[in-house]
2 protein chains.
Amino acid sequence: IVFGTVSAKAQTDPLPSWNDGVPKKAIIELVGRVTKEGGPDFVPVPERIATFDNDGTLWCEQPFYVQMAFAFDRVKVMAPQHPEWKTKQPFKALLQGDVKTAATAGEKGLLAVIAATHSGMTVSQFEQEVRDWIKVARHPRFKRPYNELIYQPMVEVLNYLRANGFKTFIVSGGGVDFMRPWAPASYGIPPEQIVGSSGVIEFRLGKNGKPELFKTPKVQFIDDGPGKPVGISMSIGRQPIIAFGNSDGDLQMLQYTTAGSGVRLGLYVHHDDAEREYAYDRKSQIGRLDKGLDAAAKNGWPLISMKSDWKVIFPFEVK
Amino acid sequence: IVFGTVSAKAQTDPLPSWNDGVPKKAIIELVGRVTKEGGPDFVPVPERIATFDNDGTLWCEQPFYVQMAFAFDRVKVMAPQHPEWKTKQPFKALLQGDVKTAATAGEKGLLAVIAATHSGMTVSQFEQEVRDWIKVARHPRFKRPYNELIYQPMVEVLNYLRANGFKTFIVSGGGVDFMRPWAPASYGIPPEQIVGSSGVIEFRLGKNGKPELFKTPKVQFIDDGPGKPVGISMSIGRQPIIAFGNSDGDLQMLQYTTAGSGVRLGLYVHHDDAEREYAYDRKSQIGRLDKGLDAAAKNGWPLISMKSDWKVIFPFEVK
Ligand SMILES: [Ca+2]
Ligand SMILES: [Ca+2]
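What you see is a predicted model; the values in this text were computed from it and never measured. (Residues numbered from 1 in each chain as written. Chains lettered and ligands numbered in written order. Predicted model: local features only at pLDDT ≥ 70, side-chain atom pairs only at ≥ 80, totals over all residues. Heavy atoms only, no water.)

### Some details on the coordination of the calcium ion (ligand 2)
All names here are of chain B.
Part 1 of the argument: Within the protein, the calcium ion (ligand 2) binds to Asp-53 (OD), Asp-53 (OD), Asp-55 (O) and Asn-246 (OD1); these donor distances fall in the range 2.2 to 3.2 Å.
Part 2 of the argument: Counting along the primary sequence, the residues that act as donors to the calcium ion (ligand 2) give the motif D-x1-D-x190-N. With Asp-53 in the loop between β1 (49-52) and α3 (66-78) and Asn-246 in the loop between β5 (242-245) and α12 (251-258), the pair connects residues that are 193 residues apart, well separated along the chain. This pair shows no difference in class: Asp-53 is buried, exactly as Asn-246 is. (Donors = N, O, S within 2.8 Å, 3.2 Å for Na, K, Ca; no water. Helix = DSSP H or I, 4+ residues; strand = E, 2+ residues; numbered from the N terminus. Buried < 20%, exposed > 50% of the residue type's maximum accessible area, 1.4 Å probe, protein only.)

Spelled out as structure tokens, the structure:
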């Protein structure tokens, strides 16, 4: 069998949407080392764990977290059952379409919105709401469904790692039952490999004695910042070989990952492409990358420049 | 190739340690139906989830939970650092080897023992303690390591289900980091498919800035009773097709499993073999099966009689 030079190269490049920069080389080198049987850095298949932040690492998180867009839309849908929201911030502002004023309520106000819109139903009812919403909601700038705004180069990394025996996990600050309805089809990651934040769930016997899992407004676990290595420990029970993040909320996950023995790799996606996506880091309210940028420089964690490392951003750009 | 009739039968029996009773038939029938492509009950591989309680379902839990035996031994090891235990119950009784008096401290006293022996170290230090302990500890009656007292017929069920595309999970009231050091080798279930109770873990930067996960005495999640379907929802995100338990602590998991659409199966291991193992149900302090026994009768959940359904109990009985 004879392969032409060009097509052979195209066929064998596991990351065709990546330019040949430092991050691509680091990823391919790590995979080569841990899969080389008999080599000094060989890692058995069951221990090949890769973890990925979601918002801003696997999909677009600007101009606001997708889960917040969902929550804001839910406020409108639920408003008839909540007449008190007409005078109560930040609900009042959201009902008037005034996201800017709503945002002045700060984290506490946003958590109140999350609690109100993410509780009072069963887990399966909630997941159906997410499924219905993601079909019709559109990104304000790209005018496309949010789940089309995943990063093509990261999808290639997921496939490449899995093809080399890695088990891929999402480890996100977002709600686990917000991700499970759409993430498996988008990333090829099954529900049981999605780790996220969660509210307290109550088991109840509903009508006809049928069991149901009821979502309460109480917080069970916040899978962000120092919560990420904790979530990894609780849900996965193994230290990752490679981890990807994009913000200070991933700092501890990258510290935890790269502190493991043997060869390990932590990488940050750096949003520096205002033209094709967004450019933000140290001063952003959403996805702030400040301490993480310093830690990356200090520890030699590769920064993935969206502008120069990625040939395309989204799958729909691929011909 | 010619197979003799007898050896062919032996070779093709997926559950050779089981007698041909109702539970064996029910398990094999379920597997046949969900794996029959094009059939009315076909279930795609990713949705083939099987969950197993651990204590009393996969291994022996009498005369006391193995994790309690571990905790009692830890009290002795840790006593020099805790002079106050000399006068404080139930620690005082445990240090005198008087488990009976210690047990009178009730659930609250036992939880205090768990908290004291399961916190104050990192997760990896704790897992090392478990690993070291399980090598040397011996069951008081069988005089063998506890992890040799797993149930051979259940190991066969695990293998049989996995050979048919099922992903097998432990869903146990026991501590997740007590199980992970030994359960993967015993059952072929990886750490990330072990769901259990957990304490609050804190991420810290220790000496030399090295990240560590510190076990605190606070409770994070109790994966027992109504907590089991909740734990399944949080950690797996799918309703099991088949679930095995042995006590009232599994009742809600079996309700949740069998309430799913399509073909589902919930089974109870019934400890009715005092000669080869133990006989206990409605009145036992450990592994009580009372409400569950009524629910099994009402719902038609097969009871697995250890006495009549199992040819052998433990792997070491297999020639
Ligand atoms: Ca992020
Ligand atoms: Ca049990």
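### Regarding the relation of the copies chain A and chain B
Part 1 of the argument: When chain A is fitted onto chain B, the two copies agree to an RMSD of 0.0 Å after a turn of 180 degrees and an axial shift of 0.0 Å. Taken together, the rotation angle and the small translation identify this as a two-fold axis. Closest approach to the rotation axis within chain A is made by the C-alpha atom of A:Ser235, at a distance of 3.4 Å.
Part 2 of the argument: Interface overlap between copies: 100% of the residues of chain A at the interface are likewise at the interface in chain B, consistent with a symmetric, same-surface contact. (Least-squares fit on C-alpha atoms with pLDDT ≥ 70 in both. Contact = heavy atoms within 4.5 Å.)

### Points about the interface of chain A and chain B
Part 1 of the argument: Every contact between the two is made by 32 residues of chain A and, on the other side, 32 residues of chain B.
Part 2 of the argument: Taken together, the two surfaces of chain A and chain B that pack against each other cover about 2,700 Å², and 58% of this comes from carbon and sulfur.
Part 3 of the argument: On the chain A side of the interface with chain B, the three residues burying the most area are A:Glu192, A:Phe203 and A:Met234, jointly 22% of the side's total.
Part 4 of the argument: For the pair chain A and chain B, the interface holds four salt bridges. (Buried area = accessible area lost by both parts, 1.4 Å probe. Salt bridge = Lys/Arg side-chain N within 4 Å of Asp/Glu carboxyl O.)

### Examining the sheet that holds strand β2 (residues 167-175) of chain A
All names here are of chain A.
Part 1 of the argument: Taken together, seven strands build an open sheet; the order of strands is β4-β3-β2-β1-β5-β6-β7 and the sheet is mixed. Only two strands of the sheet have a single partner each, and these edge strands are β4 (211-221) and β7 (303-305). Strand-to-strand twist across the sheet, computed as the mean angle between neighbouring axes with direction ignored, equals 35 degrees.
Part 2 of the argument: Judged from the seven bridges that link them, strand β3 (residues 194-205) and β4 form a sheet pairing that is antiparallel. Bridging from a neighbouring strand, Arg-204 pairs with Glu-212 of β4. (Pairing = 2+ DSSP bridges. Axes fitted to C-alpha atoms, helices over the stretch in contact; angles between N-to-C directions.)

### Side note on the pattern of salt bridges
Part 1 of the argument: Under the counting rule described, the total for this entry stands at 32 salt bridges over all chains.
Part 2 of the argument: For A:Glu192, the salt bridge is made with B:Lys167, and the minimal N-O distance between the two is 2.9 Å. Residue A:Glu192 is found in the loop between α10 (183-187) and β3, and its partner B:Lys167 is found in strand β2 (residues 167-175); the two belong to separate chains. This pair shows no difference in class: A:Glu192 is buried, exactly as B:Lys167 is.
Part 3 of the argument: For the salt bridge of B:Glu202 with B:Arg204, the shortest nitrogen-to-oxygen distance reads 3.6 Å.
Part 4 of the argument: Residues joined in a network through salt bridges with shared partners are A:Asp13, A:Asp20 and A:Lys24.

### A short note on empty space enclosed by the protein
Part 1 of the argument: What the rule picks out here adds up to five cavities of 30 Å³ or more.
Part 2 of the argument: Considered as a void within the structure, the largest cavity measures approximately 350 Å³ in volume.
Part 3 of the argument: Forming the boundary of the largest cavity are 22 residues, of which A:Phe221, A:Met234, A:Ser235, B:Met234 and B:Ser235 lie nearest the centre.
Part 4 of the argument: Broken down by secondary-structure element, the contributors of at least two residues to the lining of the largest cavity are β3, β4 and α11 (227-235) of chain A together with β3 (194-205), β4 (211-221) and α11 (227-235) of chain B.
Part 5 of the argument: Grouping the amino acids of the lining of the largest cavity by side-chain chemistry returns 10 nonpolar, eight polar and four charged. (1 Å grid on protein atoms, 1.4 Å probe; cavity = no way out; pocket = protein on both sides within 12 Å on 5 of 7 lines; lining within 4 Å. Points joined across faces, edges and corners; volume = space filled by probe spheres on them. Nonpolar A, V, L, I, M, F, W, Y, C, P; charged D, E, K, R; others polar.)

### Considering the coordination of the calcium ion (ligand 1)
Part 1 of the argument: In this structure, A:Asp53 (OD), A:Asp55 (O) and A:Asn246 (OD1) serve as the protein donors to the calcium ion (ligand 1), at separations of 2.2 to 2.3 Å.
Part 2 of the argument: Mapped onto the polypeptide sequence, the residues donating to the calcium ion (ligand 1) form the spacing pattern D-x1-D-x190-N.

### Looking at the sheet that holds β4(B)
Residues and elements named next belong to chain B.
Part 1 of the argument: Overall, mixed pairing links the seven strands, which are arranged β4-β3-β2-β1-β5-β6-β7 in an open sheet. Two strands bound the open sheet, and with one partner strand each, they are β4 and β7 (303-305). Direction aside, neighbouring strands of the sheet carry axes that sit 35 degrees apart on average.
Part 2 of the argument: Each of β5, β6 (265-270) and β7 is contacted by helix α2 (residues 22-35), which is oriented at about 155 degrees to β6, the strand it contacts most.

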